Amino acid sequence: MNWSDLKDRIRDSVTIPYILESWYGVTLKYNNRGRCPLCDYEKDEKAFWVSPDEQGFLCHHCKVHGDIFKLVIEKENTDFMGAYTKLANHAGFEIELTHEQEKAYKQETEKATAIYSFANYFNERLPDYVKAYLRERKIEEDYINNHCIGFIPEKAIYPCNKQEFHHLQKIGLMYNQKEVNRKWYNRLFIPFWKNGKIVYFAGRGIDKKVEPLQLLPKVEEMGKKPVLGACKGTNVFIVEGAF
């Protein structure tokens, strides 16, 4: 069984809502929201959000996000090996994790965290005219914040550390450790989520003068555009693009 299939089988067998309730005593309420088990922030029950379809979670208060492995790592103060072992045993899998697989997960998480920090920075600084544009397109505020949709203005500055810069420059988002790559200027930054991580992103101009209107990262930067979604019922809708 390859690494990707193994992770997916564990996630399918041990879901985040199940672990939250049975291990940590957190019952999700309306719209898959509830108390964050990591920071116990109760003043705003909308701060912690779980997406069963994307198999991930996000807390807007402590800013922790990720998949079922990340949840156990943070809650139980363990490493990936510890979280993997506990979840695999609970799911009934007896497969030994290799050092290469553990290293791959760590690198994958570091990259996803760097992209999330970038996205969250520009989400928190959305200009009013961009919010108005999104409202006109019926994009709800909760959706905007839960998915960290942002806007990269002209001459955008994003102060990042060396580790973040290593990943962000490699995927074409940063020019140097302070300046954003100018090709992303004046565009919505639209993340694509899976398993609690940003696995892809796109840029979209909201002014017709911005060309090209749609901008995607190069294949060598982020790989091919993933097919994301969930099947429910008997109808299938295939769509492409963002907004």
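Our structure's up above, just so we're on the same page.
Residues numbered from 1 in each chain as written. Predicted model: local features only at pLDDT ≥ 70, side-chain atom pairs only at ≥ 80, totals over all residues. Heavy atoms only, no water.

## Notes on the environment of Glu110
No. 1: Mapped onto the fold, Glu110 is located in helix H5 (residues 99-123).
No. 2: Taking the C-alpha atoms as reference, Glu110 lies 7.9 Å from Glu164; in sequence the two are 54 residues apart.
No. 3: Apart from residues no more than four positions distant in its own chain, Glu110 is found in contact with Gln163 and His167. (Helix = DSSP H or I, 4+ residues; strand = E, 2+ residues; numbered from the N terminus. Contact = heavy atoms within 4.5 Å.)

## So, the environment of Val14
No. 1: Residue placement: Val14 occurs in the loop between helix H1 (3-13) and helix H2 (16-24).
No. 2: Under the relative-accessibility criterion, Val14 is labelled buried at 1%.
No. 3: Measuring from C-alpha to C-alpha, the distance between Val14 and His90 comes to 7.8 Å, with 76 residues separating the pair along the chain.
No. 4: Beyond its immediate sequence surroundings of up to four residues, Val14 is in contact with Ile19, Ile68, Leu87, His90 and Ala91. (Buried < 20%, exposed > 50% of the residue type's maximum accessible area, 1.4 Å probe, protein only.)

## A word on the pairing of strand E6 (residues 187-194)
No. 1: The buried fraction of E6 amounts to 7 of the 8 residues, a majority that puts the element mostly inside the structure.
No. 2: One ladder, built from 3 bridges, connects strand E5 (residues 150-152) with E6; its direction is antiparallel. Looking at E6, one finds that Gly150 is bridged to Phe189.
No. 3: Across 8 bridges, the pairing between E6 and strand E7 (residues 197-205) is antiparallel. Looking across to E7, one finds that Leu188 is bridged to Arg204.
No. 4: What sits between the antiparallel neighbours E6 and E7 is a turn of 2 residues, in which Asn195 has the positive phi angle 55°. (Pairing = 2+ DSSP bridges.)

## Side note on the environment of Leu126
No. 1: With respect to the helices and strands, the residue Leu126 is situated in the loop between H5 and helix H6 (128-136).
No. 2: We classify Leu126 as buried; its relative accessible area is 9%.
No. 3: Considering only alpha carbons, one finds Leu126 and Gly150, 24 residues apart in sequence, at a separation of 6.0 Å.

## A look at the packing of helix H3 (residues 68-75) against helix H4 (residues 80-91)
No. 1: H4 packs onto H3 with a crossing angle of 115° between their chain directions and a minimal axis gap of 9 Å. Classed by the angle they form, the pair H3 and H4 counts as roughly perpendicular. Considering how the two elements wind past one another, H3 and H4 form a crossing that is right-handed. Here Ile68, Phe69, Val72 and Ile73 of H3 lie close against H4, whose contacting residues are Phe80, Ala83, Tyr84 and Leu87. (Axes fitted to C-alpha atoms, helices over the stretch in contact; angles between N-to-C directions. Parallel < 35°, antiparallel > 145°, perpendicular 65-115°, else oblique. Left-handed = near helix turned anticlockwise from the far one by under 90°.)

## Concerning H6
No. 1: Within the span of H6, buried status applies to Val130, Tyr133 and Leu134. Around the axis of H6, the buried residues are gathered within 95° of arc, so they sit on the same side. Of the residues in H6, the exposed ones pointing more than 90 degrees away from the buried face are Asp128, Tyr129, Arg135 and Glu136.
No. 2: Elements that come into contact with the buried residues of H6 comprise helix H7 (141-146), E5, E6 and E7. (Arc of directions from axis to C-beta.)

## Quick word on the packing of aromatic side chains
No. 1: Across all of its chains, the model carries 16 aromatic pairs by this definition.
No. 2: Among the aromatic residues, those joined into a cluster by ring pairs are Phe118, Tyr121, Phe122, Tyr158, Trp184, Phe189, Phe192, Tyr200 and Phe201.
No. 3: Here the guanidinium or amino end of Lys75 rests over the ring plane of Tyr24, the centre of that ring lying 5.7 Å away.
No. 4: Note that Arg125 overlies the ring of Tyr121, its terminal NZ or CZ placed 3.6 Å from the centroid. (Phe/Tyr/Trp six-rings, centres within 6.5 Å; stacked < 30°, edge-to-face > 60°. Lys NZ or Arg CZ within 6 Å of the ring centre and 35° of its normal.)

## A word on the pattern of salt bridges
No. 1: Scanning all chains against the criterion turns up 9 salt bridges.
No. 2: The residue Glu76 makes a salt bridge to Lys86 at a minimum N-O spacing of 2.8 Å. Here the residue Glu76 occupies a position in the loop between H3 and H4, and Lys86 occupies one in helix H4, the gap between them amounting to 10 residues.
No. 3: Taking the relative accessible area as the measure of exposure, Glu76 reaches 30% and is therefore partly exposed.
No. 4: On the accessibility criterion, Lys86 (36% relative accessible area) is partly exposed.
No. 5: In this structure, Glu108 engages Lys197 in a salt bridge whose closest nitrogen and oxygen atoms are separated by 3.8 Å. Of this pair, Glu108 sits in helix H5 while Lys197 sits in strand E7, placing them 89 residues apart in sequence.
No. 6: For Glu108, a relative accessible area of 31% puts it in the partly exposed group. (Salt bridge = Lys/Arg side-chain N within 4 Å of Asp/Glu carboxyl O.)

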